[in-house]
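Survey of secondary and tertiary structure
So the chains spell out like this:
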Amino acid sequence: MLVNLKEILAPAYEKHYAVGSFNCYSYETFRGCIAAGEETGKPVIAAFGAAYLKNMSLETAHAIVASLAREVRVPVCLHLDHCSDMDIIYRAIQAGFGSVMYDGSMLPFAENVANTHAVCHVAHACGVSVEAELGSLAVGADSHEGRTEDVEQYTDPAAAREFVAATEVDALAVSIGTVHGLYKGTPHIRTDILADIHRAVDVPLVLHGGSGTPEEDLRACIARGIAKINVNTEISSAVVAQTADLLTREKPHYSVLSLRQVDYVKAAVKKYIGMFG
Ligand code: 13P
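Figured I'd write up the structure that's included with this text.

Conventions and cut-offs
Residues numbered from 1 in each chain as written. Predicted model: local features only at pLDDT ≥ 70, side-chain atom pairs only at ≥ 80, totals over all residues. Heavy atoms only, no water. Helix = DSSP H or I, 4+ residues; strand = E, 2+ residues; numbered from the N terminus. Rg over C-alpha atoms; globule rule 2.2 N^0.38 Å. Buried < 20%, exposed > 50% of the residue type's maximum accessible area, 1.4 Å probe, protein only. Contact = heavy atoms within 4.5 Å. Areas by Shrake-Rupley, 256 points an atom, 1.4 Å probe, with all protein chains shown as cover. Lys, Arg positive; Asp, Glu negative; His and termini not counted. Charge placed at Lys NZ, Arg CZ, Asp CG, Glu CD. Near = heavy atom within 4 Å. Polar contact = N/O pair within 3.5 Å; in protein donor to acceptor, adjacent residues only side chain to side chain. Nonpolar A, V, L, I, M, F, W, Y, C, P; charged D, E, K, R; others polar. Core = buried A, V, L, I, M, F, W, Y, C linked by side-chain atoms within 4.5 Å. Axes fitted to C-alpha atoms, helices over the stretch in contact; angles between N-to-C directions. Parallel < 35°, antiparallel > 145°, perpendicular 65-115°, else oblique. Left-handed = near helix turned anticlockwise from the far one by under 90°. Pairing = 2+ DSSP bridges. Salt bridge = Lys/Arg side-chain N within 4 Å of Asp/Glu carboxyl O.

Brief notes about the overall build of the chain
Counting its secondary structure elements, the chain contains ten helices and ten strands. Computed over its C-alpha atoms, the radius of gyration of the chain comes to 18 Å, within 12% of the 19 Å expected for a compact globule of 277 residues. Principal axes of the C-alpha set define a box for the chain whose edges measure 55 × 40 × 35 Å. Residue burial in the chain is summarised as follows: out of 277 residues, 56% are buried. Taking all contacts inside the chain whose residues are at least 6 apart in sequence as the whole, residues at least 24 apart take part in 70%. Per element, the accessible surface of the chain, about 11700 Å² overall, is 54% carbon and sulfur. Averaging the coordinates of the 22 positive side-chain charges in the chain and doing the same for the 33 negative ones gives two points 7 Å apart.

Describing the site of the ligand
The environment of the ligand is made up of 15 residues, and the closest members are Asp81, Gly181, Gly209, Ser211 and Thr233. Residue His208 places a side-chain N or O atom 3.0 Å away from an oxygen atom belonging to the ligand. With respect to the ligand, the backbone of Asn232 contributes an N or O atom lying 2.9 Å from an oxygen atom. Isolated, the ligand exposes 300 Å² of accessible area, and the fraction of that covered by the protein chains is 100%. Elements that contribute at least two residues to the shell around the ligand include exactly strand E3 (76–83), strand E8 (179–180) and strand E10 (226–231). When the residues that make up the shell around the ligand are grouped by side-chain class, the tally is two nonpolar, eleven polar and two charged.

Notes on the nonpolar core
If you look at the biggest cluster of nonpolar residues, it comprises 80 residues, and the most contacted ones within it are Phe22, Phe30, Phe48 and Leu80. Sorting elements by how many residues they give to this core places helix H10 (residues 254–275) first, with eight residues. With 14 residues, the next largest nonpolar core counts Leu9, Ile45, Ala171 and Ala173 among its residues.

Some details on the packing of helix H4 (residues 86–95) against helix H5 (residues 109–125)
Where H4 contacts H5, the axes come no closer than 11 Å and their chain directions differ by 15 degrees. Taken together, H4 and H5 sit at an angle that is classed as roughly parallel. At the point where H4 passes H5, the crossing takes the right-handed sense. Here Met86, Ile89, Tyr90 and Ile93 of H4 come into contact with H5, specifically with Asn115, Ala118, Val119, Val122 and Ala123. For the contact of H4 with H5, the class distribution of residues is eight nonpolar, one polar and no charged.

A closer look at the pairing of strand E7 (residues 171–174)
Here E7 shows a buried face lined by Ala171 and Ala173 and a second buried face lined by Leu172 and Val174. Two strands pair when backbone bridges link them, and strand E5 (residues 129–134) and E7 are joined in this way by four bridges, in the parallel orientation. What sits directly across from Ala132, in E7, is Leu172. Where E7 and strand E9 (residues 205–207) come together, three bridges link them in parallel fashion. By the bridge assignment for E9, Leu172 is matched with Leu205.

Focus: the side chain of Gln261
One can find Gln261 in helix H10. Residue Gln261 is classed as buried on the basis of its relative accessible area of 16%. Ignoring any residue separated from it by four or fewer positions in sequence, one finds Gln261 in contact with Glu28, Val239 and Thr243.

Brief notes about the packing of helix H9 (residues 233–249) against H10
Direction vectors running N to C along H9 and H10 enclose 140 degrees, while the axes themselves pass 9 Å from each other. With respect to H10, the element H9 is oriented oblique. Taken as a pair, H9 and H10 cross one another with a handedness that is right-handed. When H9 is examined against H10, the residues Glu234, Ile235, Ala238, Val239, Gln242, Thr243 and Leu246 are found in contact with a partner set consisting of Leu257, Arg260, Gln261, Tyr264, Val265, Ala268, Val269, Lys271 and Tyr272.

Some thoughts on unusual backbone geometry
Although it is not a glycine, His82 sits at a positive phi angle of roughly 20 degrees. You can see His82 is positioned in strand E3. A relative accessible area of 19% means that His82 is categorised as buried. Although it is not a glycine, Asp142 adopts a positive phi angle of roughly 60 degrees. Its place among the elements puts Asp142 in the loop between strand E6 (138–139) and helix H6 (157–167). With relative accessibility at 60%, the residue Asp142 sits in the exposed group.

Brief notes about the pattern of salt bridges
Evaluation of the coordinates by the stated rule reveals 13 salt bridges. Two residues, Glu131 and Lys228, come together in a salt bridge whose shortest N-O distance is 2.7 Å. Residue Glu131 is found in strand E5, and its partner Lys228 is found in strand E10; the two are separated by 97 residues along the sequence. An identical accessibility class is assigned to Glu131 and Lys228; each is buried. Glu250 serves as the salt-bridge partner of Arg249, at 4.0 Å between the closest nitrogen and oxygen. Assessed through its relative accessible area of 54%, Arg249 is described here as exposed. Each of Glu39, Asp263, Lys266 and Lys270 takes part in one network of salt bridges that share partners.

Rendered as structure tokens:
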């Protein structure tokens, strides 16, 4: 069943669990992600990043997810991850995505507000939800999304209050110490800042950089308003490592390799779903 982000996050925010948002860019990742949701009985967000438009078009991503979602009982949301290009955002809405993330976090505050508000205006008229971001994450190891020049800038709770009121976003991504990619040292997650943001706004909060974040930190974040947790790097690393290992022992037909990779994705996604409450 395909749903938008607002529908999938509302019960999570109210009942204090988080819905996993897993980056997908191939048939294997979409199928593994949705199968993990079905086998655990948990809703899932299949996140297709604008960075993966070379892998498939928005329309193909939608066709695959719409078809797979029809075969399962759990709610599935097709979400456009990190996108600063308004044209791509509007094309995703037209293609049938249930949610888009307009990422204007690198812009001056007023410009981020204006663009996010414009996206919300169009998206909401089409029944599509919007996630936006304030603050920025540092980049860790092996990230496919972060840029080396990315600097950590924690989200300011007062700015978050003003941003949410002015834009009418459905979910807000925050920066509180997680990184895109794997941590280079010990994670230091600022749950104190998160608690302040949670008090300041009344929308579900989003934690980017889920890979490698300790379970106790994830649970502390969920108790303070995080209702969506993004995971990318660790799924990719797990699939690549297991594929490399398999190929030292067997040379399977490519069709068989594809099925194995669906299983590798599914196992990595299930591990995270199990931590999200
Ligand atoms: P990781 O690659 O660190 O899991 O982050 C994923 C993410 O935040 C996607 O937007």
